[in-house]
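A look at the structure
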Amino acid sequence: EGAGAMGAGFGLGLGLALSSSAFIGSSFVLKKKGLLRLCRRGRARAGQGGHAYLREWLWWAGLLCMGVGEAANFAAYAFAPATLVTPLGALSVLVSAVLSSTFLNEQLNVHGKIGCILSILGSTVMVIHAPQEEEVSSLESMAEKLKDPGFIVFAVCVLVSSLLLIFVAGPRYGQSNVLVYVLVCSAIGSLSVSCVKGLGIALKELFSGKPVLKEPLGWVLLVCLVICISIQINYLNKALDIFNTSVVTPVYYVLFTTAVMTCSTILFKEWQHMVLDNIVGSISGFLTIVSGIFLLHAFRDMPFTPSLLPLFLQPGRADLHPPWSSADRHQSCQHQPLLPSEDKGSQSAEEEEVEK
């Protein structure tokens, strides 16, 4: 019965993670569509500090989709390990890319399509070899985890780096480098996942009849989660307004996954009981995702035209037979002269003299 309950919990967490990716991928496109409508109306853009998007219903629809997706993601973290749920966010890359090409006319070139496929394959490998996190079944054990010196150092580094990105790098490079604002979202997002895990444990205890509402840790985690999500929404809006959706989404996924895996490793000690093949599989899957994101990001402005193809693959060149075509090859074999080229030249000269 315990194994069946674990299997049911795993299936529920997997289904919630998949639905979360669908909603979140759609939310990127809806938000971008709303921001583009504001730009055509001449309103102040979000990338320049404007907040006119708050009066755009498409932006609110995107926010609603993201809220539903995050709620499903929240529930998935309560039933499955973070290193299983987070890599499935790669499916939101595929959803966003397909919807962007349909509704936003943001066409992906061949490199971008290969990059999306590699991201999906890499996330699948990571799910197969996902480490099993250490069991945390109560808020008391979660509090002990949060007091770990390694996690405290990690949290301080995240906060300091985020402040530097916001106040130092943002004004200088935020309009030209996609990594600035996306790094802020990813770093803060790693802390929000920790808050989500703690709140999921608190809800489980609440439903089981324990007096969780009297515990201050649950309220602290809730306040921290609201702050983290607010920061993520603000700077994700800036990144979406400035850069292409098909670039922001996968880059955000890779950086967010890296931050969450690092945070989960430090907080839950997930890698201590893993065998070597699972470690190699997880690293290989993540490197595959990084390779796909590199293809998508580095070659996004490179046009892939038919002229770059070989001649025999180019459209309109089918009537041009290359010299190695079968017809020419048979003809050359049937009519190949027996004499060398020098003799052929002398023979033609003799024929001209005879004619004269």
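Calculation rules
Residues numbered from 1 in each chain as written. Predicted model: local features only at pLDDT ≥ 70, side-chain atom pairs only at ≥ 80, totals over all residues. Heavy atoms only, no water. Axes fitted to C-alpha atoms, helices over the stretch in contact; angles between N-to-C directions. Helix = DSSP H or I, 4+ residues; strand = E, 2+ residues; numbered from the N terminus. Parallel < 35°, antiparallel > 145°, perpendicular 65-115°, else oblique. Contact = heavy atoms within 4.5 Å. Nonpolar A, V, L, I, M, F, W, Y, C, P; charged D, E, K, R; others polar. Buried < 20%, exposed > 50% of the residue type's maximum accessible area, 1.4 Å probe, protein only. Salt bridge = Lys/Arg side-chain N within 4 Å of Asp/Glu carboxyl O. Left-handed = near helix turned anticlockwise from the far one by under 90°.

This part takes up the packing of helix H2 (residues 57-79) against helix H8 (residues 178-207). Closest axis-to-axis distance for the H2/H8 pair is 9 Å, and the angle between their directions is 70°. As summarised for this structure, H2 and H8 are arranged roughly perpendicular, according to the angle between their axes. Facing Phe74, Tyr77 and Ala78 of H2, the residues of H8 in contact are Val193, Val196, Lys197, Leu199, Gly200, Leu203 and Lys204. A per-class count over the contact of H2 with H8 returns seven nonpolar, one polar and two charged.

Before going further, it helps to examine the side chain of serine 21. In this fold, serine 21 is placed in helix H1 (residues 2-40). Its relative accessible area of 4% is what places serine 21 among the buried residues. When sequence neighbours within four positions are dropped, the list of residues in contact with serine 21 reads Leu88, Gly89, Leu91, Ser92 and Val95.

The subject of this paragraph is the pattern of salt bridges. If charged atoms from side chains of opposite charge come close, those side chains can pair. Scanning the entire structure with this criterion turns up one salt bridge. Among the ionic pairs, glutamate 205 bridges to lysine 210, the shortest N-O distance being 4.0 Å. The exposure class of glutamate 205 is buried, given its relative accessible area of 7%.

To continue, consider the packing of helix H4 (residues 90-103) against helix H5 (residues 110-128). The contact between H4 and H5 brings their axes to 8 Å, and the two run at 155°. In terms of their interaxial angle, H4 and H5 are classed as roughly antiparallel. With respect to the hand of their crossing, H4 and H5 are arranged in left-handed fashion. Taken together, the residues of H5 that come into contact with H4 (itself represented by Ala90, Leu91, Val93, Leu94 and Ala97) are Cys116, Ser119, Ile120 and Ser123. Residue classes in the contact of H4 with H5 are distributed as seven nonpolar, two polar and no charged.

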